[in-house]
Amino acid sequence: MAESEQRWLRAARAFVCEALCPAGPGGDPEQLAESVLRCLRSTWGGRSGEFPLGYSFISISDLQCQQHTPCCSHLTWSTSEFKTWAHQSEVILPKESVLPRAHLILIGYLRDGRTQEGKEKLMDGNLYVQDNTGTVPCELLHFESEWLDLLFLFPSWAYIPQMNKDSAGYVEILSDPVPVNAPPERVVDTLPVIYPTTAAQLVSTRALCKTRTKLNVAGELARLSTLLCIHNKTFFFLFLKCFTSAACVPVLVQKPAQLAWHRMLQLGQGYVLTSLRVSSLKASAHKVFVTSFSSRLLPYSAEQVKEQPLEIAWHGGPIQTVSLEASVQPSSLLGVTDEKLPVPAKESKILSYMGTITRVLNAQAGLYELDNKVCLCLAYQQLLNSARGLRPGARVELRDVHFLQKPLASFPFVVVLGACLHSTVLLKGFSRLSTFHQPVASSGNLYMQLLFRYNLGLPLYLWLVSLLEMLEQRFCCFFGRRQLFIRSAHCGPGIAEKFLVPILNAEVPSKERLRDVHYEILAEMHHCPLQQYQPLEPPSQAPPLSVLRCVAERRSWDAFSPSQLLSPLEAQHMGTQELNRRLAWSYDAFSAESFQPRVVLLGVLRPSSRSGCLQLRDKSDSIPCVISHRNGSPFADTALIGSLLQVETYQLVVERFLQSDFPSWEQLSVLEHVRGREARLYVQFCFEDVQILHTPEVPVQVGPSLGKRDVHSSKVEPGSPEAKVSKLEETSPGPVTAECCDGGQSSAKGTGCMSRLFLVVQKEGLTYRNYLLAAAGGGEGQDLQLSFQATVLWMNKPQRWGHPREIGSLTELEQPNCWSEDSKAQQRVLLLFMGRSLRWFTFLHPDGLYQLIVPQCLDFGVFERPGLSPLQEQHLNQLGCPSCLLVSDSWYLQHKTWISCLTQPKMLPQSVLAGMGQTISIPELLSNSFTGSLVSFSGEIVERTLCASPGNEKRSALCRTRRQKGALLPWDHSVKLSVSAAPGSSTVLDVYIAVDYTQHLWGLLPGAKILFQNLQRKISRFQNVYCTYIASSCISILALPPSCPLLSSNPTGLSSKSPEATSPSLVFLSNLLLQPHSPSQGKILCHLSCVLALSLQWICSVCSSIFKEGRCRRDSPPCPSRIGVNQANAKILVEDGTGEALVLCSNQQVVALLGLSPVEWKVVQSSVQSRGSIFIQHASVRPGCVEEPEDLVTCYLRSLCRNRALSRPILLAFSLDRKPSKIPQPDSPQPRRFQCGEVEFVSQIGTRLSLKCLSIQEVDPKLLCSLSSKRIKH
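Residues numbered from 1 in each chain as written. Predicted model: local features only at pLDDT ≥ 70, side-chain atom pairs only at ≥ 80, totals over all residues. Heavy atoms only, no water.

Caption draft 1: Focus on the sheet that holds strand β30 (residues 601-607). Pairing is mixed in the open sheet, where eight strands are placed in the order β28-β34-β35-β32-β31-β30-β33-β36. Sheet topology places β28 (585-590) and β36 (690-694) at the edges, where each strand pairs with a single neighbour. Neighbour to neighbour, the strand axes of the sheet diverge by 40 degrees on average, direction disregarded. Sheet topology places strand β34 (residues 651-660) next to strand β35 (residues 674-686); 10 bridges connect them, and they run antiparallel. The residue of β35 that forms the bridge with R656 is A679. Relative to β30, helix α11 (residues 458-485) is tilted by about 50 degrees, and along the sheet it contacts β30, β31 (614-617), β33 (644-647) and β36. Helix-sheet contacts for helix α12 (residues 495-507) involve β30, β33 and β36, and the interaxial angle to β36 is about 140 degrees. (Pairing = 2+ DSSP bridges. Helix = DSSP H or I, 4+ residues; strand = E, 2+ residues; numbered from the N terminus. Axes fitted to C-alpha atoms, helices over the stretch in contact; angles between N-to-C directions. Contact = heavy atoms within 4.5 Å.)

Written as C-alpha cells, this is what we have:
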C-alpha cells in the first residue's frame, strides 16, 4: 500500500472517530470507520484506485466556517460528466457562473432537528445533516421515512452559503444519499383501511364516537398544503383522494415527529395513514382527520391493505350525513355582514405552471422571476424553510396558482402568478449556478407582517413592496436596515412601519383585515385574497430625490413657453433688452397633487456646509429646502439634524434661468434664440406639515460637573453629538479633534467638552469675504471665502463637562441673580463661520439662545482665542465689537430656546435689550420723519422683477468673479422686490438685491412673507424711499406663499394678492396729498378733464432710436436692426372733486383712453410707422408751441384729444410717480370751477399729484354717483 493511501486512511479513521462516532460506551470507532470505508469503496467503484485519494473529508463545522462561496462536490463524476452538467445551466442563464467543483467528502446523519442537544427547537419540518461538530440544514428532492437518523455518504451535494458571512448556509443534496449501513427492512402486516369515499362520510356526520376511534385511511395524494406556523404551532394539511372517485378527505398533521412527512409526500402517489381520528377545528366548523402520536405514513400497496366496512371501523351511533356546505358557514368565519360587497373588476384564473427561476426579485417579499417573463409571488405562503433551494436556475412546479394580469400599473411584470394556501409549490430541480442563498426571515419580516395583518390583496401588496424597496434603497445607508424595518420594544415600530401603517389604515377597511386560514385551505368553494382583484393605480408614490428632480425640471421646461410668460399686449411694446430681461428669471411651483400619483416627499434633514442651506437627502441626491412655522417664527431646531422627514403638503419650486436674444415679441416661438438655460430646484414647506419618521437619539441631559477632569474613555459613542457632527456632510470627515484646544496642559484628549451659552443679537448673510485669519500669518494672497458672521452675547461663563450628554438645561437663566449689568460673562463677541461651520447658517436667528459646544476639549480659554489677524481685530474693536471668535469645523450648536420664551424675560438687563434688533413697519419706514440708515422690517412680496442695476452703483470685482464661476443671472442686474406691509395692502416698498447675493437666497417668491434684516434705506433724487441688500443684510422666510392654482400660472413674479392682481381700495386725491407715502397704489373714481400730451412712435428694438420705413434711423454708429417696436404715451389730467392729478398712460392704456377699437388702433399704428413718430400737445401745456405738420392721422388724433366726448368718468388704478412733471405746476392753490350736471362748484386746487396709470375702466355715470355717495358716507 502506498504511503499516500496510508496517510489518507489514517485521516479517514481520525475523521470518523472525531466527527461521526457517537459519544458514550455504545460507539465502536474502528467498526464505524470500517463501515464508512466500505461504503466509500463501494460508491467510488475503483475509478482510480481503491479509494478517492484526491478527496478530503470535511466536517459540518469546517464547511460552515471555511467555505464562504458556493461550491459542489460530485464524488462519482468524471470531468467530462461535470462539464456536461455545467453546460446545461449555461443555456438557461448564460451570464451566470456555474458552481465550482470541490473535492470534498460529506458524511453525516439525517435528522429532523429533534435530537439537537442543549437546544429547545421549534419543529418546522426541516431536515438537517449532522455530525459531532455541528448541524447544517439540507434540502432533498427525494426523501424516505426510513432515512431519518441514519448515517449517509452524500456522493453529490452543493453547499450554498448566505451573502452575510456571519450566517451559515445550507446543503443541497443533488442525488440520493448512500447509507453507510444497510437500513433495516420494513415489515408491514396487512392493514384494515377505509378509503376516502367512506371516510368523507365521517367528517360530515353529526354522530359522536363513544371511544377515541382510530382509523387507517388509504388514498392518492391529491393536494399538499404548505407548512404553516401559527401561534408557535407548526402543521400542514394533506388531501387523500379515492382511487376510483373524486371523493377527498383532509388530514391535519401537527405532531412534531411527523412534520418530516412533508418532505416524503409526492403528489399522485398512493399512501396509507394509520391511527387517524376525526376532530373538529376550534377556529372553524370544519371536521378533519388528525394524526396521533402512533400514526405512520406508509406507501400504498394493494396487496398489503384490506378495506374495512364503515360499521366495523366506526364504533359510534347511527351515522347521519350532512353536506359539507351546510356545516360550514363562511360568513361567520370571515366576519362578513349581509351588505353587498363591491364587485371586483377581475377574477383570477387558477392554473398549473412549470418553470425556472431566473431572478430573485425580493426574497423577503417572496417575489421571484420565472423564465425571464413571469413574476411568482410566494408571500401568501409561509416559507418555513427560509426559501432554501429557490435560487436562480432552480426548477419549480406550481399547482393551483392564481393567474393575475397587470395587477399594479407601475409593476414591471404583466403576468403575476400568486400561490395561496390552496396552492402547491414543488422544487423539481436544484440550481447549478454559483449564487448565494437569500433567506426569507421567519421573524421580523415586515413584508409578511403587514401582509397578514391587513390581509392585503396582491395589487396592494405589490405596491407595499415597492414602497419598502424604495425606503431600503434610499435610506439604508443612513440608518441601516435594522432601524428601517425592525420593531423593537425600546423604540417601537421601525421607520418603514411608521411610514406605511397610516397609508394602509386609509387604504384597507378594517372589516377586510380578517383572514381565515382553515377556510382558505379546506373549503370546497375556494376563497382567498388572490381570488379576486382590482387593478390598482397607486394612490401615492415616494420616488428618489434624483428622479423627482429630473421629473420636475423636465415638466417645467416642457411647459415653458416664452410667449405664454408675457402678455402679448405688454410684450409687443418691449425692446430687445427689456424683453429678454423679463424672460431671464421665471419659476414653476408644484404641489404633491401636481404629479400622478401624488408624490410624498421623504428625506433626511441635513445642513450643507457648501451652500449653508438646509437639504433633504437620500442616497441618490439632495434637494435644498426652506422650512417655516405657521406662527411666523424661524426654523431653528438643531435636534432634527439627521431626522427622516415625511412631507405631503409642500411647494416644489423650479426656478428657470434663461439666456436668450429674442429680437422682438413676434419671434418668441422661435426657440433658436435661446442660447442657454439652467434650473434651480428647491422645496419649501411648513414644519407643522412634517411627519417625523425617525429622530437621532437625544443625549441625556443632567446637571453640570464643572470639576470633572477624569475622563475614562475617548471613544465617540454612536448617537452622541460628536458622532452626529461627523454625519452632517457628504464628504467623509476625519477623526474629531479639538483643533482649537491644543495649547498648554488642557489639551488632554477625551470625551470631555466645553460649552458656552450665547444670545444671537445680529446675523449677517452669506457672502464672499476676505478675512485675514490669525492662523494664516500675514494673510497675503488670501482668496475670498464664502462665510457669514453673527454678533452674539455670552450669557454665562465657559463650562466644562465630562461628556456632551451631561450638558445642563437653562434653569440657571431663570434665576433672578443671573442677570447682572456688570457681569463679565455678558460680553459681546463676533462669531465667524466658514468652511464646514456654514452648516449652522439656517439655524442661527436673532433672539435665539444657543449652546456652543467644543468637543474633546478641557480648556476654559478656548472661547477667548483670536480668530482674525491683529489688524482686523483692531478694526473690529473700533466698531464696538471687543473680540472675534472663529467657529471651528468640529464645533457644533444646540438651539435651546428663544429669549422671549423664558419665564422671566422682563428681568433681562438693558445691555441685552439694547443689543436686540428691532423691526419697524413699512409705513413708518416710508415716512419723512424716519432717519435711520440700517433697517429691519417684514412684509409680503407682491412682485419680483429683474432690472438693470442703477448706473450710479459701482459693481465690485466680486460680481465679475461670481459671474465667471457660473452665476445664473447677469452680474450687472438686480432683483427688485415690491414688498407690501400686509396682504392686499397698497403700501409698497421696493427692495433691490444685487444678483451676486441671490444665489444664496431661497424662497423669494411672490406671496411669501419675508423678514429683512439690516437693509440699507435710501432716498432717490425723486424722493422715493427704497432699500438695498448689502453684505451685512440677512433674509428669513416667515411664511410661504399660499398654495393655490395661481402659484404656477403666474410664473413671471406677480403675487396673486398684489395690488395689480386684486382690487386696491378707493381713495381721494386729497388723501394722497396729505399722506404722500401711503398708499403707494390704489384706485380713484375720477373725471377725465383733458389730454395734455400724446406721443406715438416706433423705436428700434435694440438701440431705442426712431424706427422709420422699416429700418433704424441711427447714423452714428449705424444700427443694423430691422425690427421696430411701437410705443404710445399720454399725459392726462383727472380730478375727483378733492384734487387734481397728472396721470401718465402708456401703450394699451392709451388705447382705452382714446376709446379706439383694435382695427382703428392698427390703422393708426401703420400710419405712424411710415412717419416714425407723432407728438400732440394741449395748448395749455406750452402756449405758442409749434404743432406737428398736418396730415390725415395727425388731424384725426388732435381732434380726438380735443373732443368733449373724451372727458368722461373713469375708474383709474394707479401707482404714485415721484418723478417731477415737466408740465408747469401752480405755485399756490388756484380756484377752479367744476360742473356736475347743471350745478357748478368752485374749489381751491393746489399741487397736482403725478400718478402712473395701471388700468382704466369705463364707469357708467349713475354707477359713479352711487359709488361716490357710498364712499362719502363711509
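What follows picks up the thread again.
Caption draft 2: View of the nonpolar core. By size, the foremost hydrophobic cluster in this structure holds 62 residues, and its most contacted members are Y650 and F758. Broken down by element, this core gets its largest block of residues, five residues, from strand β39 (residues 785-794). In contact with F758, not counting residues within four places along its chain, are V792, L793, W794, M795, L831, L844, G848, L849, Y850, Q851, L852 and L893. (Core = buried A, V, L, I, M, F, W, Y, C linked by side-chain atoms within 4.5 Å. Buried < 20%, exposed > 50% of the residue type's maximum accessible area, 1.4 Å probe, protein only.)

Caption draft 3: Molecular detail of the layout of surface pockets. By volume, the second largest pocket amounts to about 1600 Å³. Lining the second largest pocket are 48 residues, and of these C229, I230, H231, K233 and Q382 sit closest to its centre. Taken together, the residues of the lining of the second largest pocket sort by class into 22 nonpolar, 16 polar and 10 charged. (1 Å grid on protein atoms, 1.4 Å probe; cavity = no way out; pocket = protein on both sides within 12 Å on 5 of 7 lines; lining within 4 Å. Points joined across faces, edges and corners; volume = space filled by probe spheres on them. Nonpolar A, V, L, I, M, F, W, Y, C, P; charged D, E, K, R; others polar.)

Caption draft 4: Spotlight on the packing of α11 against α12. At a minimum axis separation of 8 Å, α11 and α12 run at an interaxial angle of 160 degrees. Classed by the angle they form, the pair α11 and α12 counts as roughly antiparallel. The way α11 lies across α12 gives a crossing that is right-handed. Residues L460, W463, L464, L467, L468, M470, L471, F479, Q483, L484 and F485 of α11 form the contact with α12, whose participating residues are I495, A496, E497, F499, L500, I503, L504 and E507. Looking at the contact of α11 with α12 residue by residue, the class counts come to 16 nonpolar, one polar and two charged. (Parallel < 35°, antiparallel > 145°, perpendicular 65-115°, else oblique. Left-handed = near helix turned anticlockwise from the far one by under 90°.)

Caption draft 5: Layout of the environment of L926. Structurally, L926 can be placed in helix α21 (residues 922-926). Along the backbone, L926 and I1019 are 93 residues apart, and their C-alpha atoms lie at a distance of 9.6 Å.

Caption draft 6: Structural detail: the environment of L1249. Structurally, the position occupied by L1249 is in strand β60 (residues 1249-1258). Counting along the chain gives 110 residues from L1249 to G1139, while the straight-line C-alpha distance between them is 8.5 Å. Once residues lying within four places of it in the same chain are set aside, the contact partners of L1249 are L1069, L1072, L1073, E1140, A1141 and L1142.

Caption draft 7: Expanded view of unusual backbone geometry. Cis geometry marks the peptide bond from Q596 to P597, where omega comes out at -10 degrees. Along the polypeptide, P597 turns up in the loop between β28 and β29 (598-599). Of note in the backbone geometry, N372 takes a positive phi value of approximately 60 degrees without being a glycine. Of note, N372 is situated in the loop between β21 (367-370) and β22 (374-377). Its relative accessible area of 52% is what places N372 among the exposed residues. Although it is not a glycine, N1147 adopts a positive phi angle of roughly 55 degrees. Assessed through its relative accessible area of 18%, N1147 is described here as buried.

Keep in mind that these numbers describe shape and distance, not what the molecule does.
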